[in-house]
Amino acid sequence: MIRNVLGSLMGLAGAAAALWSPYRAWYEGRRGRDYRVEELFAGSGITPDGAALLGSLMLPFLCAALLALAATVLRSRLLMALAGIVVLGFAVLWMVRQGQAAGSLSVGGDGQGLGPGVATAFAGGALILLGAFVMRGRVRRDRRPLPRDAGTPGAVTGWEDRPVTPQTEPWHPDDRPRRDPGPQDPGPYGTRPQDPRPQYPDQDPGPQYPDQDPGQGPGPYGPGPQDPGPRDPRA
């Protein structure tokens, strides 16, 4: 994110410098807006005739500025680099055509030779290319499917790609078959559901007592002592 912001700022600054360069002197005091853009491709070369604003060197630099602006919006390194190449390309092409027309190029401090407009154009194009280098561009997400070769060491597979085995098959307890326990069903713990107590065939069931009144008879533990009744405290 920070790299995109810095690269975009550098690209826009370079585009502004490229747009400013045609208003400065390019050669012997003649401004860049006075050179016709078609003269760079014509066989006659550069002539002393004037040019309209959109028919001069301003036209390719304006296109480069629009490319830099689009690259900033779209976060495209390709468009930003293309804008820098356009600025540098037309500046170099002008130098070649101007050298052919003048016979040689010179740099002078008294307004003769190459002027500051050429340096501004080269600086703007280089700054745009540097901005394209700094920019990171759009981060593309990898939407390719995961590898399905589970036998390869290190391969990552999703749950849907795993073979269904007894260990990986989902278990649902409600899907188990249910049955009604019958009278002969021993139940889950070996006892019949109707009998709450386990049955042991080798165990003596103990004495059986007939139904009787609890207040009568000797009871299950034999006859108890006779109650003599209340005693006389004077005895």
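Reference entry: report on the structure contained in this document.

Cut-off values and rules
- All residue numbers here refer to positions counted from 1 along the written sequence of the relevant chain.
- Selection of residues for local features in this predicted model requires a pLDDT of at least 70, selection of side-chain atom pairs for listing and counting requires 80 or more, and totals for whole chains, interfaces and linings are taken over all residues.
- Side-chain figures throughout are based on the complete set of non-hydrogen atoms in the structure, without hydrogens or water.
- Numbering of helices and strands starts at the N terminus; helices are DSSP runs of H or I of at least 4 residues and strands are runs of E of at least 2.
- Buried residues are those whose accessible area, probed at 1.4 Å on protein chains only, stays under 20% of the maximum for their type, while exposed residues exceed 50% and partly exposed ones sit between those limits.
- By definition in these notes, contact holds between two residues if any of their heavy atoms fall within 4.5 Å.
- Here the open area of atoms and residues is found with the Shrake-Rupley method and a 1.4 Å probe, where only the protein chains shown may cover a residue.
- Each Phe, Tyr or Trp ring (for Trp, its six-membered ring) is paired with any other whose centre lies within 6.5 Å, and the angle between the two planes then decides the class: stacked below 30 degrees, edge-to-face above 60, tilted in between.
- Within this scheme, the nonpolar core is defined by two criteria: the residues are buried Ala, Val, Leu, Ile, Met, Phe, Trp, Tyr or Cys, and they are joined through side-chain atoms within 4.5 Å.

## Here we look at the overall build of the protein
Point 1. Check the secondary structure of the protein and you find four helices and two strands.
Point 2. Reading the helices (α) and strands (β) of the protein from amino to carboxyl end gives α-β-β-α-α-α.
Point 3. Looking at the protein as a whole, 25% of its 235 residues qualify as buried.
Point 4. Long-range contacts, defined as pairs at least 24 residues apart, comprise 61% of the intrachain contacts of the protein with a sequence gap of at least 6.
Point 5. Carbon and sulfur atoms make up 58% of the accessible area of the protein, which totals about 17300 Å².

## Describing the packing of aromatic side chains
Point 1. One pass over the full model with this rule turns up four aromatic pairs.
Point 2. With centroids separated by 5.0 Å and ring planes inclined at 80°, the aromatic side chains of Trp26 and Trp94 adopt a geometry described as edge-to-face. Residue Trp26 is located in strand 1 (residues 25-27), and its partner Trp94 is located in helix 3 (residues 77-102); the two are separated by 68 residues in the primary sequence. Of the two residues examined, Trp26 and Trp94, each falls in the buried class.

## Concerning the nonpolar core
Point 1. One finds Trp26, Tyr35, Phe61, Met80 and Trp94 to be the most contacted residues of the largest nonpolar core, which totals 27 residues.
Point 2. When residues of this core are traced back to their parent elements, those giving at least two are helix 1 (2-20), strand 1, helix 2 (58-74), helix 3 and helix 4 (116-134).
Point 3. Per-element accounting of this core gives the leading share, seven residues, to helix 3.
Point 4. Each residue touching Trp94, except ones within four places of it in the same chain, is listed here: Trp26, Tyr27, Tyr35, Leu40, Ile46, Leu57, Leu114 and Val118.

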